[in-house]
Amino acid sequence: MDIRLDGKVALVTGGSRGIGQAIAATYAECGARVVITSRKIEGLERSAEEIRSRVPGAEVVPFAAHAGDPQAARDAVALAVDTFGTLDILVNNAATNPHFGNVVGVDVPRFDKTVEVNLRGPLVWTQEAWGQAMGPDTAHPGGCVINLSSVSGLQFNDPLGVYGMTKAALIHQTKHLAGELAPAVRVNAIAPGLVKTEFARSLWEGAAPDAKYPWALERLGDPQDIANAALFLASDLASWITGEVLVVDGGAMIKGGI
Ligand SMILES: NC(=O)c1ccc[n+]([C@@H]2O[C@H](COP(=O)([O-])OP(=O)(O)OC[C@H]3O[C@@H](n4cnc5c(N)ncnc54)[C@H](OP(=O)(O)O)[C@@H]3O)[C@@H](O)[C@H]2O)c1
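Scoring rules and cut-offs
Residues numbered from 1 in each chain as written. Predicted model: local features only at pLDDT ≥ 70, side-chain atom pairs only at ≥ 80, totals over all residues. Heavy atoms only, no water. Near = heavy atom within 4 Å. Polar contact = N/O pair within 3.5 Å; in protein donor to acceptor, adjacent residues only side chain to side chain. Areas by Shrake-Rupley, 256 points an atom, 1.4 Å probe, with all protein chains shown as cover. Helix = DSSP H or I, 4+ residues; strand = E, 2+ residues; numbered from the N terminus. Pairing = 2+ DSSP bridges. Axes fitted to C-alpha atoms, helices over the stretch in contact; angles between N-to-C directions. Contact = heavy atoms within 4.5 Å. Left-handed = near helix turned anticlockwise from the far one by under 90°. Nonpolar A, V, L, I, M, F, W, Y, C, P; charged D, E, K, R; others polar. Expected span 1.5 Å × (residues − 1).

J.: Can you help me understand the site of the ligand in this one?
T.: In the neighbourhood of the ligand, 29 residues make up the surrounding shell, with Ser 16, Arg 39, Asn 93, Tyr 163 and Thr 197 lying closest. With respect to the ligand, the backbone of Asn 93 contributes an N or O atom lying 2.7 Å from an oxygen atom. In this structure, an oxygen atom belonging to the ligand sits 2.9 Å away from a side-chain N or O atom of Lys 167. Starting from 890 Å² of accessible surface for the ligand in isolation, the protein chains cover 96%. Mapped by element, the contributors of at least two residues to the shell around the ligand are helix 1 (18–29) and helix 5 (161–181).

Given below as C-alpha coordinates:
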(Lines give C-alpha, C1' and ligand atoms only; values in the text may rest on other atoms or scores of the structure.)
Protein backbone atom coordinates (compact mmCIF):
# COMPACT_ATOMS: atom_id res chain seq x y z
CA MET A 1 0.00 0.00 0.00
CA ASP A 2 1.37 3.37 -1.05
CA ILE A 3 0.85 6.27 1.38
CA ARG A 4 0.13 9.43 -0.60
CA LEU A 5 -0.66 13.03 0.38
CA ASP A 6 -1.47 14.31 -3.10
CA GLY A 7 -3.46 17.55 -3.01
CA LYS A 8 -2.69 18.15 0.67
CA VAL A 9 -1.07 21.27 2.08
CA ALA A 10 1.18 20.97 5.14
CA LEU A 11 2.85 23.49 7.43
CA VAL A 12 5.83 22.27 9.47
CA THR A 13 7.30 24.50 12.17
CA GLY A 14 11.03 24.04 12.79
CA GLY A 15 11.40 22.84 9.20
CA SER A 16 14.92 24.10 8.59
CA ARG A 17 16.72 21.00 9.87
CA GLY A 18 16.43 17.78 11.87
CA ILE A 19 13.06 16.14 12.40
CA GLY A 20 11.06 19.03 10.90
CA GLN A 21 13.05 18.96 7.67
CA ALA A 22 12.66 15.17 7.41
CA ILE A 23 8.89 15.48 7.91
CA ALA A 24 8.60 18.26 5.31
CA ALA A 25 10.70 16.30 2.79
CA THR A 26 8.68 13.13 3.37
CA TYR A 27 5.39 14.96 2.92
CA ALA A 28 6.71 16.55 -0.29
CA GLU A 29 7.86 13.13 -1.50
CA CYS A 30 4.31 11.87 -1.00
CA GLY A 31 2.78 14.70 -3.02
CA ALA A 32 2.00 17.41 -0.46
CA ARG A 33 2.79 21.09 -0.91
CA VAL A 34 4.64 22.38 2.14
CA VAL A 35 5.31 25.58 4.07
CA ILE A 36 8.31 25.34 6.40
CA THR A 37 8.95 27.84 9.20
CA SER A 38 11.68 28.57 11.73
CA ARG A 39 13.40 31.69 13.05
CA LYS A 40 16.17 31.99 10.46
CA ILE A 41 15.37 32.42 6.78
CA GLU A 42 18.85 31.31 5.60
CA GLY A 43 18.42 27.87 7.18
CA LEU A 44 14.91 27.60 5.75
CA GLU A 45 16.05 28.46 2.24
CA ARG A 46 18.85 25.89 2.50
CA SER A 47 16.34 23.32 3.75
CA ALA A 48 13.91 24.09 0.90
CA GLU A 49 16.74 23.63 -1.62
CA GLU A 50 17.70 20.30 -0.04
CA ILE A 51 14.08 19.13 -0.17
CA ARG A 52 13.81 20.16 -3.84
CA SER A 53 16.95 18.22 -4.68
CA ARG A 54 15.59 15.14 -2.85
CA VAL A 55 12.14 15.61 -4.45
CA PRO A 56 12.41 17.24 -7.89
CA GLY A 57 9.46 19.58 -8.48
CA ALA A 58 8.58 19.77 -4.80
CA GLU A 59 6.57 22.87 -3.87
CA VAL A 60 8.18 24.15 -0.65
CA VAL A 61 7.73 27.67 0.69
CA PRO A 62 10.07 28.89 3.47
CA PHE A 63 8.77 31.52 5.90
CA ALA A 64 10.62 32.97 8.91
CA ALA A 65 8.42 32.77 12.01
CA HIS A 66 9.16 32.43 15.73
CA ALA A 67 7.06 29.57 17.08
CA GLY A 68 6.18 31.57 20.20
CA ASP A 69 4.94 34.63 18.30
CA PRO A 70 1.15 34.70 17.75
CA GLN A 71 1.39 37.21 14.89
CA ALA A 72 3.94 34.99 13.13
CA ALA A 73 1.56 32.03 13.49
CA ARG A 74 -1.27 34.10 11.97
CA ASP A 75 0.95 35.19 9.08
CA ALA A 76 2.36 31.72 8.40
CA VAL A 77 -1.06 30.07 8.24
CA ALA A 78 -2.33 32.94 6.05
CA LEU A 79 0.65 32.40 3.73
CA ALA A 80 -0.20 28.69 3.37
CA VAL A 81 -3.85 29.51 2.59
CA ASP A 82 -2.99 32.35 0.18
CA THR A 83 -0.32 30.32 -1.62
CA PHE A 84 -1.94 26.91 -1.79
CA GLY A 85 -5.65 27.56 -1.10
CA THR A 86 -5.91 25.75 2.22
CA LEU A 87 -4.03 24.02 5.04
CA ASP A 88 -4.68 20.34 5.76
CA ILE A 89 -1.78 19.29 8.00
CA LEU A 90 -0.14 21.33 10.77
CA VAL A 91 2.98 19.88 12.39
CA ASN A 92 3.95 21.68 15.59
CA ASN A 93 7.57 20.57 15.63
CA ALA A 94 9.66 23.60 16.74
CA ALA A 95 10.73 23.49 20.37
CA THR A 96 13.33 24.91 22.69
CA ASN A 97 15.22 23.87 25.81
CA PRO A 98 16.93 26.87 27.41
CA HIS A 99 17.26 25.20 30.85
CA PHE A 100 19.47 22.14 31.32
CA GLY A 101 19.29 21.24 35.02
CA ASN A 102 17.03 20.64 37.99
CA VAL A 103 13.41 21.76 37.87
CA VAL A 104 13.85 23.27 41.30
CA GLY A 105 16.64 25.52 40.03
CA VAL A 106 14.95 26.99 36.96
CA ASP A 107 14.54 30.77 36.77
CA VAL A 108 11.32 32.44 35.66
CA PRO A 109 12.55 33.74 32.27
CA ARG A 110 13.79 30.29 31.17
CA PHE A 111 10.64 28.60 32.45
CA ASP A 112 8.44 31.10 30.59
CA LYS A 113 10.47 30.76 27.38
CA THR A 114 10.10 26.97 27.45
CA VAL A 115 6.34 27.22 27.94
CA GLU A 116 6.02 29.98 25.32
CA VAL A 117 7.64 27.96 22.54
CA ASN A 118 6.83 24.34 23.47
CA LEU A 119 3.28 24.64 24.80
CA ARG A 120 1.67 28.00 24.04
CA GLY A 121 3.21 27.90 20.54
CA PRO A 122 1.45 24.69 19.45
CA LEU A 123 -1.81 26.02 20.92
CA VAL A 124 -1.66 29.32 19.05
CA TRP A 125 -0.63 27.70 15.74
CA THR A 126 -3.51 25.23 16.13
CA GLN A 127 -5.91 28.10 16.87
CA GLU A 128 -4.78 29.83 13.67
CA ALA A 129 -5.04 26.64 11.61
CA TRP A 130 -8.54 26.04 12.98
CA GLY A 131 -9.66 29.65 12.48
CA GLN A 132 -8.24 30.19 9.01
CA ALA A 133 -8.19 26.78 7.36
CA MET A 134 -9.60 23.77 9.22
CA GLY A 135 -12.61 24.90 11.26
CA PRO A 136 -16.29 25.00 10.23
CA ASP A 137 -16.18 28.65 9.09
CA THR A 138 -13.41 28.06 6.57
CA ALA A 139 -13.52 27.24 2.84
CA HIS A 140 -12.20 23.68 3.29
CA PRO A 141 -12.97 22.42 6.81
CA GLY A 142 -11.04 19.44 8.15
CA GLY A 143 -7.46 18.41 8.59
CA CYS A 144 -5.04 17.16 11.18
CA VAL A 145 -2.55 18.47 13.70
CA ILE A 146 0.55 16.60 14.85
CA ASN A 147 2.42 17.78 17.94
CA LEU A 148 6.03 16.76 18.58
CA SER A 149 6.18 15.77 22.22
CA SER A 150 8.98 13.62 23.69
CA VAL A 151 9.59 10.58 25.85
CA SER A 152 10.78 13.23 28.33
CA GLY A 153 7.10 14.13 28.65
CA LEU A 154 6.30 10.59 29.75
CA GLN A 155 8.98 9.86 32.31
CA PHE A 156 11.65 11.34 34.56
CA ASN A 157 14.59 12.50 32.45
CA ASP A 158 17.14 14.39 34.50
CA PRO A 159 18.19 17.13 33.56
CA LEU A 160 15.36 17.78 31.09
CA GLY A 161 12.60 18.26 33.68
CA VAL A 162 11.28 21.67 32.63
CA TYR A 163 11.38 20.72 28.95
CA GLY A 164 9.68 17.43 29.88
CA MET A 165 6.95 19.27 31.78
CA THR A 166 6.05 21.25 28.64
CA LYS A 167 6.11 18.05 26.58
CA ALA A 168 3.82 16.32 29.12
CA ALA A 169 1.44 19.27 29.03
CA LEU A 170 1.55 19.16 25.23
CA ILE A 171 0.24 15.59 25.41
CA HIS A 172 -2.71 16.74 27.50
CA GLN A 173 -3.24 19.67 25.09
CA THR A 174 -3.23 17.14 22.23
CA LYS A 175 -5.91 15.02 23.88
CA HIS A 176 -8.03 17.99 24.85
CA LEU A 177 -7.93 19.60 21.40
CA ALA A 178 -8.61 16.20 19.81
CA GLY A 179 -11.88 16.16 21.74
CA GLU A 180 -12.73 19.78 21.01
CA LEU A 181 -11.93 19.85 17.29
CA ALA A 182 -13.47 16.47 16.40
CA PRO A 183 -14.77 15.24 14.10
CA ALA A 184 -13.37 17.78 11.61
CA VAL A 185 -9.77 17.76 12.80
CA ARG A 186 -7.66 14.93 14.22
CA VAL A 187 -4.98 15.90 16.74
CA ASN A 188 -2.20 13.47 17.68
CA ALA A 189 1.27 13.58 19.20
CA ILE A 190 4.54 11.80 18.53
CA ALA A 191 6.91 11.18 21.43
CA PRO A 192 10.39 10.55 20.02
CA GLY A 193 13.25 9.05 21.95
CA LEU A 194 16.83 10.14 21.28
CA VAL A 195 17.21 11.23 17.65
CA LYS A 196 20.44 12.30 15.97
CA THR A 197 19.80 16.03 15.48
CA GLU A 198 21.38 19.32 16.52
CA PHE A 199 18.87 19.61 19.37
CA ALA A 200 20.16 16.49 21.09
CA ARG A 201 23.81 16.77 20.03
CA SER A 202 25.19 16.77 23.58
CA LEU A 203 23.42 13.43 24.22
CA TRP A 204 24.92 11.50 21.26
CA GLU A 205 28.11 13.37 20.34
CA GLY A 206 31.23 11.36 20.97
CA ALA A 207 29.59 7.94 20.59
CA ALA A 208 31.02 5.65 17.89
CA PRO A 209 28.92 5.54 14.69
CA ASP A 210 28.12 1.86 15.33
CA ALA A 211 27.59 2.32 19.08
CA LYS A 212 24.93 0.12 20.68
CA TYR A 213 22.42 1.96 22.84
CA PRO A 214 20.80 0.45 25.95
CA TRP A 215 17.35 0.11 24.42
CA ALA A 216 15.51 -2.63 22.58
CA LEU A 217 16.46 -1.67 19.03
CA GLU A 218 19.95 -0.59 20.15
CA ARG A 219 20.48 2.26 17.67
CA LEU A 220 20.06 6.02 17.81
CA GLY A 221 16.97 7.43 16.11
CA ASP A 222 17.21 9.02 12.69
CA PRO A 223 14.96 12.00 11.77
CA GLN A 224 13.41 9.76 9.11
CA ASP A 225 12.17 7.37 11.82
CA ILE A 226 10.04 10.21 13.16
CA ALA A 227 9.03 11.44 9.70
CA ASN A 228 7.67 7.97 8.91
CA ALA A 229 5.39 8.17 11.96
CA ALA A 230 4.34 11.71 11.01
CA LEU A 231 3.48 10.49 7.51
CA PHE A 232 1.28 7.72 8.88
CA LEU A 233 -0.55 10.06 11.29
CA ALA A 234 -1.16 12.62 8.53
CA SER A 235 -2.45 10.04 6.08
CA ASP A 236 -5.88 8.50 5.58
CA LEU A 237 -4.53 5.30 7.14
CA ALA A 238 -4.84 7.12 10.49
CA SER A 239 -8.34 8.45 9.80
CA TRP A 240 -9.74 6.79 12.96
CA ILE A 241 -6.90 7.84 15.24
CA THR A 242 -7.13 11.01 17.32
CA GLY A 243 -5.95 12.13 20.75
CA GLU A 244 -3.16 9.55 20.73
CA VAL A 245 0.55 9.64 21.48
CA LEU A 246 2.76 7.52 19.26
CA VAL A 247 6.03 6.71 21.04
CA VAL A 248 8.87 6.32 18.52
CA ASP A 249 11.93 5.55 20.62
CA GLY A 250 13.51 2.32 19.40
CA GLY A 251 12.15 0.59 22.47
CA ALA A 252 13.98 2.81 24.95
CA MET A 253 11.08 3.19 27.38
CA ILE A 254 10.36 -0.53 27.58
CA LYS A 255 13.98 -1.00 28.62
CA GLY A 256 13.53 1.51 31.41
CA GLY A 257 14.72 4.83 30.07
CA ILE A 258 16.55 6.95 27.56
N1 LIG B 1 16.23 15.15 18.76
C2 LIG B 1 15.71 14.45 19.75
O3 LIG B 1 16.37 13.57 20.37
C4 LIG B 1 14.28 14.71 20.18
C5 LIG B 1 13.71 13.82 21.12
C6 LIG B 1 12.41 14.04 21.52
C7 LIG B 1 11.68 15.07 20.99
N8 LIG B 1 12.24 15.92 20.08
C9 LIG B 1 11.40 17.01 19.56
O10 LIG B 1 11.43 16.99 18.14
C11 LIG B 1 11.24 18.33 17.67
C12 LIG B 1 12.31 18.69 16.66
O13 LIG B 1 13.57 18.61 17.28
P14 LIG B 1 14.92 18.37 16.46
O15 LIG B 1 15.67 17.39 17.23
O16 LIG B 1 14.63 18.14 15.04
O17 LIG B 1 15.62 19.80 16.66
P18 LIG B 1 16.65 20.64 15.74
O19 LIG B 1 17.36 19.74 14.80
O20 LIG B 1 17.43 21.47 16.67
O21 LIG B 1 15.68 21.57 14.89
C22 LIG B 1 14.88 22.50 15.54
C23 LIG B 1 14.11 23.31 14.53
O24 LIG B 1 13.26 24.23 15.21
C25 LIG B 1 13.61 25.56 14.85
N26 LIG B 1 13.39 26.41 16.03
C27 LIG B 1 14.04 26.37 17.21
N28 LIG B 1 13.53 27.28 18.05
C29 LIG B 1 12.53 27.90 17.37
C30 LIG B 1 11.63 28.94 17.68
N31 LIG B 1 11.64 29.55 18.87
N32 LIG B 1 10.74 29.31 16.75
C33 LIG B 1 10.72 28.73 15.54
N34 LIG B 1 11.54 27.74 15.18
C35 LIG B 1 12.44 27.34 16.09
C36 LIG B 1 15.05 25.50 14.35
O37 LIG B 1 15.38 26.51 13.39
P38 LIG B 1 15.84 28.01 13.76
O39 LIG B 1 17.09 27.88 14.56
O40 LIG B 1 16.01 28.68 12.42
O41 LIG B 1 14.71 28.63 14.52
C42 LIG B 1 15.01 24.15 13.64
O43 LIG B 1 14.38 24.26 12.38
C44 LIG B 1 11.20 19.22 18.91
O45 LIG B 1 9.85 19.44 19.27
C46 LIG B 1 11.89 18.38 19.97
O47 LIG B 1 11.46 18.72 21.26
C48 LIG B 1 13.53 15.77 19.66
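J.: Hey, could you run me through the sheet that holds strand 4 (residues 89–92) in this one?
T.: Adjacent strands of a sheet pair through backbone hydrogen bonds, lying either parallel or antiparallel. Read across the sheet, seven strands follow the order 3-2-1-4-5-6-7 without closing on themselves; strand pairing throughout is parallel. In the strand order of this sheet, the two ends are held by strand 3 (60–64) and strand 7 (245–248), each with one partner. Taking each pair of neighbouring strands and ignoring which way they run, the sheet shows an average axis angle of 15°. As judged from the five bridges shared by strand 2 (residues 33–38) and strand 3, these two strands associate in the parallel manner. When the sheet's bridge partners are listed, Val 34 is paired in strand 3 with Val 60. Of the strands in this sheet, strand 5 (143–148), strand 6 (185–192) and strand 7 touch helix 5, which is tilted by about 160° from strand 6.

J.: Explain the packing of helix 1 against helix 2 (residues 41–54) to me, please; I cannot follow it from the model alone.
T.: Each pair of packed helices gets described by two things: the angle between the helix axes and the distance between those axes. Packing of helix 1 against helix 2 brings their axes to within 10 Å, and their N-to-C directions diverge by 35°. Of the two possible hands of crossing, helix 1 and helix 2 adopt the one that is right-handed. For the pair helix 1 and helix 2, contact is made by Gln 21, Ala 24, Ala 25, Thr 26, Ala 28 and Glu 29 and by Ser 47, Glu 50, Ile 51 and Arg 54, respectively. Among the residues forming the contact of helix 1 with helix 2, the class breakdown is four nonpolar, three polar and three charged.

J.: Would you mind going over helix 2 with me for this structure?
T.: Note: α-helices contain 3.6 residues per turn, so residues at a spacing of three or four share the same orientation. Between its terminal C-alpha atoms helix 2 stretches 20 Å, which fits the 20 Å expected from 14 residues at 1.5 Å a residue. Along its buried surface, helix 2 packs onto helix 1, strand 2 and strand 3.

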